[in-house]
Amino acid sequence: MLVTEKPVQLACGDVEGKFDMLFNRVRAVQKKSGEFDLLLCVGNFFGSTPETEWEEYRTCAKKAPIPTYVLGANNLETVHYFPDVNGCELAENITYLGRKGIFSGTSGLQIAYLSGTESLSEPAPAYSFSSKDVSELKISLLSTPKFKGVDILLTSPWPRGVGNFGNKPGEMDTKRCGSVLISNLATSLKPRYHFAALEKTYYERLPYRNHVVLQENAQHVSRFIALANVGNTSKKKYLYAFSILPMRSMDPAELVKQPQDVTENPYQKSGKEAHKPKMLSGAEEEPACQFFFDLSKQHGKKRPSDGKGGQHSQLKQPKKIHQPTGPCWFCLSSPEVEKHLVVSIGTHCYLALAKGGLSNDHVLILPIGHYQSVVELSSEAMEEIDKYKSALKKFFRSKGKRYVLFERNYRSQHLQLQVIPVPLSCCATEDIKESFILQAQEQEIELLEIPEHSDIKQIAQPGTPYFYVELDTGEKLFHRIKKKFPLQFGREVLASEAILNVPGRADWQQCTASRDEAEATAKAFREDFQPFDFSELQ
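Residues numbered from 1 in each chain as written. Predicted model: local features only at pLDDT ≥ 70, side-chain atom pairs only at ≥ 80, totals over all residues. Heavy atoms only, no water.

- The name an unreviewed UniProt entry gives the protein chain is CWF19-like protein 1, with Platysternon megacephalum as the organism.
- The annotation that UniProt attaches to the protein chain under Sequence similarities (unreviewed entry) is "Belongs to the CWF19 family." (UniProt positions renumbered as here; feature names shortened; annotations may be inferred.)

Right, dumping it as structure tokens:
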């Protein structure tokens, strides 16, 4: 029988010895909202404050209002408060969970915990954890039959890279702060809620998925929440109330429901064992490819995955892809480039009017260096493309238009992101989406809708031919090209009566302008776009 009544829990950030302030707050919240099942404390429970306040709790002169569970020391100064590494009662209603392990509350929730900060040495100090600690914790859970994940994960440090693909935590650089070991732990344990602290700020990340779309069965999502320190002067949130049923008590369909704002898993690059391709039984697959959708039985050439050759060999290999096989019309340094069409130049990418465009403001976003597709772009180039997309979206909106973006990685050697504005008065975004899908069906092209927050690099391997559409709402359509594909498909859909109603402009070669006309159009666009342009023209 499924449980229907959800227990309510509280999580708290760094207490730092401010016990009265915390527990008075808990009492006030309980008086207003009702009883809580337990209180989970991450970060520094003890601080550098005098021990007088703690003595009142240790000697039972005062008592925590609800069962309170805390993590261990994060520094040498507070180690003495935790007499038993395996966990113990510190005071009435206050329990130290231990160095690492699994705890089940009275409600049946499965709570994994890891105390301390990351250590680079073995054995780790009493206030730290090592890779061995993380491995032992993972093995103890992953060896459980039919393991799906844990309900809650408690750590003091943040996981490294938690902001990838998600909302940003203010000025925090999640690519530099936090622990890689905890990223790996979260990848394996798939917590429904993961709480951390130490950074003295509040950050609730968008939920992220634990499966690869179109390749694996849907799994539950994870939520990461970082909590601030108790009594902070900035009034950042340090106490978080949440309510969940134990995973094992839930209806499976309800458990795997995906919220609309779900994103890709932020730890894909740091968790080597994440998302092992289950569909490829009997086939060896290198870690670099394990996050791609397997949309065909053909696999690209394998890169060495045995570690031989060291780091330098892995860095050099992509350079083979980035060399044009002949004269390239789009490498900015190439003499073949029609520079009179260029309207903006960034550090890694540039913007140019499309030759024979569907309209006078049809533009291309192109990498300055030689890249065949979005899949092969460097992270720096991808970031700049996102900047151009954002700038163009604002620019076209100011003109009463919405943009449609598409890429055809087929019979082309240099990436061209086609950006076409459509007047708001012509049609709605849903009409554009429907037109692409209907015309694809008519030509027996399978256009798959992919999640809004998906990264194209998780969908196609380098060298994979594909066609990709992105709408102004963030909705995306994808087709894996297996044999032939109509080269003008994207233009034909947008030129159709249902959208721009310019069927005569479907083929760019039929609507090219003279050089003088093109220069005048480019100059006008450049001047018009200038207030939205983040780059400096050279």
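Having seen the structure, we can now continue with the description.
1. A short note on the overall build of the protein chain
- Check the secondary structure of the protein chain and you find 10 helices and 22 strands.
- Among the 538 residues that make up the protein chain, the fraction classed as buried is 51%.
- Relative to all contacts within the protein chain whose residues are 6 or more apart in sequence, the contacts with residues 24 or more apart total 71%.
- Accessible surface for the protein chain amounts to roughly 26,300 Å². Of this, 50% is attributable to carbon and sulfur atoms. (Helix = DSSP H or I, 4+ residues; strand = E, 2+ residues; numbered from the N terminus. Buried < 20%, exposed > 50% of the residue type's maximum accessible area, 1.4 Å probe, protein only. Contact = heavy atoms within 4.5 Å. Areas by Shrake-Rupley, 256 points an atom, 1.4 Å probe, with all protein chains shown as cover.)

2. So, the sheet that holds strand S15 (residues 342-345)
- Strand order in the open sheet made by the 8 strands is S15-S16-S17-S19-S18-S21-S22-S20, with antiparallel pairing throughout. The strands lining the two open edges of the sheet, one partner per strand, are S15 and strand S20 (448-450). Strand-to-strand twist across the sheet, computed as the mean angle between neighbouring axes with direction ignored, equals 25°.
- Against the sheet, helix H7 (residues 379-398) touches S15, strand S16 (349-353), strand S17 (363-367), strand S18 (401-409), strand S19 (417-423) and strand S21 (466-471), its axis set at about 145° to S18.
- Against the sheet, helix H8 (residues 429-442) makes contact with S18, S19, S20, S21 and strand S22 (476-480), and its axis sits at roughly 165° relative to S21, the strand it touches most. (Pairing = 2+ DSSP bridges. Axes fitted to C-alpha atoms, helices over the stretch in contact; angles between N-to-C directions.)

3. Let's talk about the sheet that holds strand S2 (residues 38-41)
- Spatial strand order, S4-S5-S3-S2-S1-S14: 6 strands in an open sheet with mixed pairing. Each edge of the open sheet carries a strand with a single partner, namely strand S4 (88-91) and strand S14 (239-243). For this sheet, the mean inter-axis angle between neighbouring strands, taken without regard to orientation, is 25°.
- Sheet topology places strand S3 (residues 68-70) next to strand S5 (residues 94-96); 3 bridges connect them, and they run parallel. When the sheet's bridge partners are listed, Tyr69 is paired in S5 with Thr95.

4. Some points on the pattern of salt bridges
- Counted by the stated rule, this structure contains 23 salt bridges.
- Between Lys63 and Glu92 there is a salt bridge, with its nearest N and O atoms 3.5 Å apart. With Lys63 in the loop between helix H2 (52-58) and S3 and Glu92 in the loop between S4 and S5, the pair connects residues that are 29 residues apart, well separated along the chain.
- Relative accessible area serves as the criterion here: at 40%, Lys63 is assigned to the partly exposed category.
- Here Glu254 and Lys257 are joined by a salt bridge, their closest N and O atoms 3.2 Å apart.
- Given a relative accessible area of 54%, Lys257 falls into the exposed group.
- Here the salt bridges share partners, and the residues they tie into one network are Arg99, Lys100, Asp133 and Glu136. (Salt bridge = Lys/Arg side-chain N within 4 Å of Asp/Glu carboxyl O.)

5. What to know about the side chain of Ser435
- By secondary structure assignment, the location of Ser435 is in helix H8.
- Looking at Ser435, the relative accessible area reads 9%, which means it is buried.
- In contact with Ser435, not counting residues within four places along its chain, are Val493, Ala498 and Ile499.

6. Things to note about the pairing of S15
- Note that S15 and S16 share 3 bridges and pair antiparallel. Of the residues in S16, the one forming a bridge with Ser344 is Leu351.
- Turn length for the S15-S16 hairpin, with the two strands adjacent in sequence and antiparallel, is 3 residues.

7. Comments concerning the packing of aromatic side chains
- If you walk through the whole model with that rule in mind, you get 35 aromatic pairs.
- Ring centres of Phe45 and Phe46 lie 5.2 Å apart, and the angle between their planes is 90°; on these two criteria the pair is classed as edge-to-face. Across this residue pair, the class does not change: Phe45 and Phe46 are buried.
- Ring plane angle 65° and centroid distance 5.7 Å describe the contact between Trp158 and Phe224, whose orientation is recorded as edge-to-face. Placement of Trp158 in the loop between strand S10 (152-155) and helix H4 (180-189) and of Phe224 in strand S13 (residues 223-226) is noted, with a sequence separation of 66 residues between them. Pair check on accessibility: Trp158 and Phe224 agree, each one buried. (Phe/Tyr/Trp six-rings, centres within 6.5 Å; stacked < 30°, edge-to-face > 60°.)

8. Focus on the confidence of the model for the protein chain
- Looking at the protein chain as a whole, the pLDDT averages 85, with 87% of positions reaching at least 70.
- Across residues 270-321 the pLDDT falls below 50, and counting only partners more than four positions away or on other chains, this stretch makes 77 contacts in the model. (pLDDT = per-residue confidence, 0-100.)

9. Considering the nonpolar core
- In terms of nonpolar packing, the biggest core is built from 35 residues, with Leu351, Leu392 and Phe525 touching the most fellow members.
- Of all the elements in the fold, those that place two or more residues in this core are S16, S17, H7, S18, S19, S21 and helix H10 (515-529).
- Residue contributions to this core peak at 8 residues, all from H7.
- Leave out the neighbours within four places in its chain, and Leu351 touches Leu341, Val342, Val343, Ser344, Val363, Leu364, Ile365, Tyr388, Leu392, Phe525 and Phe529.
- Counting 29 residues, the second-largest nonpolar core is a separate cluster that includes Val29, Leu39, Ala64 and Tyr238. (Core = buried A, V, L, I, M, F, W, Y, C linked by side-chain atoms within 4.5 Å.)

10. Observations regarding the environment of Cys349
- Along the polypeptide, Cys349 turns up in strand S16.
- Looking at Cys349, the relative accessible area reads 0%, which means it is buried.
- Among all residues touching Cys349, those that are not within four sequence positions of it are Leu366, Pro367, Ile368, Ala381, Glu384, Ile385 and Tyr388.

11. Topic: the state of the cysteines
- Within the structure shown, the criterion is met by 0 disulfides.
- Distance from the sulfur of Cys427, which forms no disulfide, to the nearest cysteine sulfur (Cys426) is 5.8 Å.
- With relative accessibility at 8%, the residue Cys427 sits in the buried group. (Disulfide = S-S within 2.5 Å.)

12. So, helix H1 (residues 19-33)
- In this model, H1 (15 residues) spans 21 Å end to end at C-alpha, consistent with the 21 Å of a helix rising 1.5 Å per residue.
- Listed as buried for H1 are Phe19, Asp20, Leu22, Phe23, Val26, Val29 and Gln30.
- Buried residues along H1 sit in contact with strand S1 (8-12), S2, H2, S3, S5 and S14.
- Downstream of H1 by one or two residues, Gly34 has phi in the positive range, about 100°. (Expected span 1.5 Å × (residues − 1).)

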